[in-house]
Amino acid sequence: MKQLVCLFKELRLEQTHLAGGKAGTLAHLFQKGYPVPDGFIIMPMAFDKDELIPEVWAPVQAYLRKIRQGGGESSFAVRSSALSEDSVMASFAGQFDTVLNVSTDDEVRKAIRTVRKSRHSNEVQVYSEAKGINESHDMAVVIQKMVKADISGVLFTVDPVTGNRDEMAGNFIFGLGEKLVSGQVTAYTFKLGRKIGIWRRAGYDGPLELKKFAAKLAKLGNRLEKEMGCPQDIEWAIADGTLYLLQSRPVTTLIGHNLITGECNDSMTGNYLWSNVNFGEAIPQVMTPLTWSVQQQIYESWQLLPGYQSSGNIGGRIYLNLSIYASVLGALGKNKQGIMRFLEGLLYTRIPESMEIPLIPLSKWSTVAVLFNFVGIIIKQMRAVRELPSFLSANADWCERMQKQIHETSENVELTFLWHTEILPHLQNTVWSVMGSVTQFSDYTIKLRRELIELLGPEDADTFISGLSSSTDVREGSGLLASLGPVLGIAKVARREIDRTEYLAQYGHRGPNEFELSVPRPAEDPGWLDQQLEQFGKSSIDVEALLIKQRSEFTMAWKRFETSHPRQVRSMKRRINKVAPKARLREAVRSEYVRDRWVARKFALRAGQLTGLGNDIFFLTIEEVLNVLSEDEAVVKFIPARKDIHSRYSSLPAYPAIICGRFDPFRWAADPKRRNDIYAAYGFTSDSTSDSSEPNGNLITGSAGSAGRFEGVVRRLDSSEEGDQFQKGEILVTSQTDIAWTPLFPRAGAIVTDVGAPLSHAAIVARELGIPAVIGCGNATRRLKTGDRVLVDGGQGVVILRGEKQ
């Protein structure tokens, strides 16, 4: 028989979900030694509608006697604990009834009935509808020893409006706190400063009467935030000089995810600086819940600052939390200029100097923990780099074997076992191969490119870091840059130099939005290769000739260097010769990691078949998929709402590459004056070196992607699937590119993108083919339209509008 009445100290972890948010939290904190007044919980199963079932009253009376025997006052507080209350979804603060200061058993019994019936109130129904909660509220009831408070208050461990974590904010009244929580009285306000860096001390700003308790409140707030894993809304009381904890719940205005609707917005979790300059190319479209949750599991060991995720989900798109890096540097004594230089090196893009970078308050021990984690990340990357040859030689066979096992799996439990023992561990391990190869190539090449630009200018600098393919053979290990494989391979298939099966085995997993699990891979479409061959037949572009031409450009540039810098020839040749192998390694590793993601997609498709959900499976998180495979289908009802929000997110333009503060994608998209490159919630003063969104005559600025000048007519495309519209010699203008765009590049006179960096796909492939490119413009797709005539200067990173289409 299930336990119907349970003391705080007796509640087991597996019972928590039955006790409701408030009771579960209070019991957990009581057991952890927090100053929570003693009490017990009457479970929802103890009620017949809103009346206690007869056999429960005796144990309730026994627990009342037990608490009275503890000494002190013998009055009680009777409080609600609905199953949806005090959750990350909704707090329901002040919505259900609370009955205070009841003493006798009869008074307690009446109070239980009053609290239980409050779940039917009109206020609760209105609040539920506003939060998207349409089901009825089952409720446990908490009976707790009454604290006769001298002071009662609430404390937010973060500013609930701005998300600023530099200080805690709160308010209080004298006496009992129910009127404060329900908003019936005007309270005194106060703020508690938090430490930023190692030396700055916390402070207090508020009425004198509370000052002597400020340090205890700050300590309690910090401890609870760490314990609960997110910013907290804390109810507290002071009686006879003792601080009591009455409740702690998530600050729901700072919650980044709504599990029911599928809405995701981690910019709401605090005041942070975000960027998707690097992530945006790998995952250019809005993610499904399954893709995002798998991404989280893969990167769970990539946590630099304890309690803070290094990446977040803003409106379905993945962003990197730059405030984490900035805060660590600030704690170590770096000034703003130093922090800016580091972030620009990390992103390969400029941040406006006038933008304030939000910092996270760090204790001395948090700073030490970050440095320890950072060293751990570096060690994992170095180990993965050493193991890259074995990964590249074995991974394709592993993927083939795993896809076969998935296909042959007929039982839910077998598929779940396969995920836990094979697929997830493999994904979590091989991600370090990707990160290690990217870091090795990027750090080396960016530094070398900067030196070459200073010595020779952008055109020869780009020539020296191109020519990354030492061969035009598309077979594995041939020395061809993997990004060029799909387009060169099509030519080989057309000339019957390789067969269709060999091509699909090598490149059939590469395609548009290839990290999104819901997107079919080219090899899954029997007609895909025929379409590619048809497009190739219509084009007269010889890609191999372009590569050969670029190699001759390299030879001529090198002769110029030998003449102008004879003393540096030997050392520079040695350094330049290291670029191509590092680049080919990075691209090969990424290709194999994309193949791994195909295995994850096959797992999802099989789960959809076994559960009968089909492609709806992509609108569940990986944890929910595993639950459904275990026949827990409670979340399936949320799928329609999640599909709706995914469609709404997907209808919006790509968000700014840099976001500072709380960002509402729908309000931003509706603003006709919006900036497409940078968003700052509280504004900043634009500076000409970084503001590419505001029209500046006929000039559009970005980053130098591939040197060269070309004047021609714009073709603006929103997706690679529109490639049949793109004509030879036109200038390709799009938001961002991935490998699916590669077949279009040989036709381009020049390339212009909103998002990108010098080592992005667009820049690398453009340099290999000798095509001028300006990347990271922020607003090119907004300012340019098909038919406009422009001059693209890839070396200077500018686009000049010569004439608009009439």
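As a starting point, this report considers the structure included with it. (Residues numbered from 1 in each chain as written. Predicted model: local features only at pLDDT ≥ 70, side-chain atom pairs only at ≥ 80, totals over all residues. Heavy atoms only, no water.)

1. Topic: the pairing of strand β2 (residues 39-42)
Side chains G39 and I41 project from β2 onto one buried face, and the interleaved F40 and I42 project onto a second face that is buried too. Across three bridges, the pairing between strand β1 (residues 5-7) and β2 is antiparallel. Bridge pairing in β2 places V5 opposite I42. Bridge analysis of β2 against strand β7 (residues 139-145) gives four bridges, and the strand direction is antiparallel. Looking at β7, one finds that I42 is bridged to V141. (Buried < 20%, exposed > 50% of the residue type's maximum accessible area, 1.4 Å probe, protein only. Helix = DSSP H or I, 4+ residues; strand = E, 2+ residues; numbered from the N terminus. Pairing = 2+ DSSP bridges.)

2. Concerning a nonpolar patch on the surface
Where nonpolar side chains cluster on the molecular surface, the patch consists of F374, V375 and I379 and spans about 270 Å² of accessible area. In this fold, F374 is placed in helix α12 (residues 364-386). Take F374: its relative accessible area is 43%, and that puts it in the partly exposed class. (Patch = residues over 30% accessible without salt bridge, like charges linked within 9 Å, V, L, I, M, F, W, Y side chains within 5 Å. Areas by Shrake-Rupley, 256 points an atom, 1.4 Å probe, with all protein chains shown as cover. Salt bridge = Lys/Arg side-chain N within 4 Å of Asp/Glu carboxyl O.)

3. A short note on the sheet that holds strand β8 (residues 151-156)
Pairing is antiparallel across the open sheet formed by six strands, whose spatial order is β11-β10-β9-β8-β12-β13. Because the sheet does not close on itself, it has two edges, and the strands there are β11 (204-205) and β13 (242-250).

4. So, empty space enclosed by the protein
Throughout the structure, instances matching the rule amount to five cavities of 30 Å³ or more. As a volume, the second largest cavity reaches approximately 70 Å³. Mapped onto the lining of the second largest cavity, the elements with two or more residues apiece are α21 (579-611) and α25 (761-769). Per-class residue counts for the lining of the second largest cavity are two nonpolar, two polar and five charged. (1 Å grid on protein atoms, 1.4 Å probe; cavity = no way out; pocket = protein on both sides within 12 Å on 5 of 7 lines; lining within 4 Å. Points joined across faces, edges and corners; volume = space filled by probe spheres on them. Nonpolar A, V, L, I, M, F, W, Y, C, P; charged D, E, K, R; others polar.)

5. Structural notes on the packing of helix α13 (residues 388-408) against α21
It is the contact of α13 with α21, at a shortest axis distance of 10 Å, that shows an interaxial angle of 15 degrees. For the element pair α13 / α21, the angle class is roughly parallel. The interaxial crossing formed by α13 with α21 has left-handed handedness. Where α13 abuts α21, its residues L388, F391, L392, N395, A396, W398, C399, M402, Q403, I406 and H407 lie against L585, A588, V589, E592, Y593, R595, D596, W598, V599, K602, F603 and R606. Residues of the contact of α13 with α21, tallied by class, amount to 15 nonpolar, three polar and five charged. (Axes fitted to C-alpha atoms, helices over the stretch in contact; angles between N-to-C directions. Parallel < 35°, antiparallel > 145°, perpendicular 65-115°, else oblique. Left-handed = near helix turned anticlockwise from the far one by under 90°. Contact = heavy atoms within 4.5 Å.)

6. Focus: the side chain of D105
Along the polypeptide, D105 turns up in helix α3 (residues 105-117). Dropping the residues within four chain positions of it, D105 is found in contact with W57, Q61, L64 and R68.

7. As for the pattern of salt bridges
As a working rule, side chains carrying opposite charge can pair if their charged atoms are close by. Scanning the entire structure with this criterion turns up 33 salt bridges. The salt bridge partner of D138 is R116, with a shortest N-O separation of 3.4 Å. Of this pair, D138 sits in the loop between α4 (122-130) and β7 while R116 sits in helix α3, and the two are 22 residues apart along the sequence. Residue R116 is classed as buried on the basis of its relative accessible area, which comes to 3%.

8. Some points on the sheet that holds β1
Sheet architecture is open: five strands sit in the order β1-β2-β7-β5-β6, paired in antiparallel fashion. This sheet does not close on itself; its edge strands, each paired only once, are β1 and β6 (99-102). Averaged over neighbouring strand pairs, the angle between their axes works out to 25 degrees when direction is ignored.

9. Thoughts on the environment of V102
With respect to the secondary-structure elements, V102 resides in strand β6. It is 5.3 Å that separates the C-alpha atoms of V102 and S75, two residues lying 27 residues apart in sequence. Excluding residues that lie within four positions of it along the chain, V102 makes contacts with S74, S75, F76, V78, E107, V108 and A111.

10. Observations concerning the side chain of D793
By the element assignment, D793 lies in strand β25 (residues 789-793). Taking relative accessible area as the criterion, D793 reaches 10% and is therefore assigned buried. A distance of 3.2 Å separates the side chain of D793 from the backbone nitrogen of G795, its partner in a polar contact. (Polar contact = N/O pair within 3.5 Å; in protein donor to acceptor, adjacent residues only side chain to side chain.)

11. Details of the packing of aromatic side chains
Going through the model one piece at a time under the given rule, you end up with 24 aromatic pairs. Considering the side-chain rings of F172 and F190, the 6.2 Å spacing of their centres and the 50 degrees angle between planes classify their relative orientation as tilted. With F172 in strand β9 (residues 167-174) and F190 in strand β10 (residues 188-193), this residue pair connects regions lying 18 residues apart in the sequence. With relative accessibility at 0%, the residue F172 sits in the buried group. The exposure class of F190 is buried, given its relative accessible area of 3%. Centroid distance F663 to Y679: 4.9 Å. Interplanar angle 75 degrees. Geometry classified as edge-to-face. In this pair, F663 sits in the loop between β17 (658-660) and α24 (665-670) while Y679 sits in strand β18 (residues 678-680), placing the two residues 16 residues apart along the sequence. The exposure class assigned to F663 is buried, which follows from its relative accessible area of 0%. Three or more aromatic residues link up through ring pairs in this structure, and these residues are F172, F174, Y188, F190, Y204 and W236. Across from the ring centre of F47, 4.3 Å away, lies the NZ or CZ of R116, which sits over that ring. Over the ring of Y34 we find R223; its NZ or CZ atom is 3.8 Å from the centre of that ring. (Phe/Tyr/Trp six-rings, centres within 6.5 Å; stacked < 30°, edge-to-face > 60°. Lys NZ or Arg CZ within 6 Å of the ring centre and 35° of its normal.)

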